[in-house]
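Residue-level structure breakdown
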Amino acid sequence: MEIEKVIKSNINLEDSKKIILNIMYTQNVIADKFNEIIKPYDLSSEQYNVLRILRGQKGCPANMCIIQERMLAKNSNTTRLIDKLLLKELVTREVCPENRRKIEVLITNKGLELLKILDPKVIEYENQFAENLSPEEKVQLNTLLEKYRTLK
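Here the structure is a predicted model, which is why all the values come from computation and not from measurement.

**So, helix 2 (residues 15-38)**
Taking 1.5 Å of rise per residue, the 24 residues of helix 2 would be expected to cover 34 Å, and the 34 Å separating its terminal C-alpha atoms lies within 8% of that figure. Every buried residue of helix 2 is listed here: Phe 34, Ile 37 and Ile 38. Those residues of helix 2 that are buried are in contact with helix 3 (45-56) and helix 6 (109-130).

**So, the sheet that holds strand 3 (residues 103-107)**
The 3 strands lie next to each other as 1-3-2, forming an open sheet whose pairing is antiparallel. Looking at strand neighbours, the two that pair on one side only are strand 1 (62-63) and strand 2 (91-95), the edges of this open sheet. Here strand 2 runs beside strand 3; their pairing, made up of 5 bridges, is antiparallel. Its bridge partner lying in strand 3, Arg 93 is registered against Val 105. Packed onto the sheet, helix 3 meets strand 1, strand 2 and strand 3 and runs at close to 90 degrees relative to strand 3. Contacts from helix 5 (residues 78-87) reach strand 2 and strand 3, with the element oriented near 120 degrees to strand 2.

**Re the nonpolar core**
In this structure, Leu 43, Tyr 48, Val 50, Leu 51, Leu 54 and Ile 67 are the most contacted members of the largest nonpolar core, which totals 25 residues. Mapped by element, the contributors of at least two residues to this core are helix 2, helix 3, helix 4 (64-70), helix 5, strand 3 and helix 6. The contacts of Leu 51, once residues within four sequence positions are left out, are Leu 43, Leu 85, Leu 90, Val 91, Ile 107, Leu 114 and Leu 115.

**What about the pattern of salt bridges?**
This structure, assessed with the given rule, holds 5 salt bridges. Between Glu 113 and Lys 116 there is a salt bridge, with its nearest N and O atoms 3.4 Å apart. With Glu 113 and Lys 116 both in helix 6 and 3 residues apart, the pair spans about one turn of that helix.

Definitions and cut-offs
- Residues numbered from 1 in each chain as written.
- Predicted model: local features only at pLDDT ≥ 70, side-chain atom pairs only at ≥ 80, totals over all residues.
- Heavy atoms only, no water.
- Helix = DSSP H or I, 4+ residues; strand = E, 2+ residues; numbered from the N terminus.
- Expected span 1.5 Å × (residues − 1).
- Buried < 20%, exposed > 50% of the residue type's maximum accessible area, 1.4 Å probe, protein only.
- Contact = heavy atoms within 4.5 Å.
- Pairing = 2+ DSSP bridges.
- Axes fitted to C-alpha atoms, helices over the stretch in contact; angles between N-to-C directions.
- Core = buried A, V, L, I, M, F, W, Y, C linked by side-chain atoms within 4.5 Å.
- Salt bridge = Lys/Arg side-chain N within 4 Å of Asp/Glu carboxyl O.

Shown next, in the form of structure tokens:
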């Protein structure tokens, strides 16, 4: 459906405006569907992102800086996210022995088990969005989105 119909606009929009509106609207659709998957597990998308980052560390601790750098939502309050994951026993947090100002975070077995449960659900969700596109269109869309967000 064209974005003008979605937002019920009676005027013709400039292509540059339509692109922004399409991306923003699509992001909301994607986020809403993703939240339906993780909500029963009492997770936010940011908390899920932290768990994925920590799993990617393959047993090595990550400090707050590493986590923040890898977050999709760069404005997330990493400390608060870690605190919530600690309460759920999905991560551990300890002071680094070599540098007492540095906090090290590890995913727990409980966190890894939760990701194992979510992995097939997330893969199915990703595939559902991509099934309307050919392999070539997927490559093209990724290329265009990467190009689009690169500001001069």
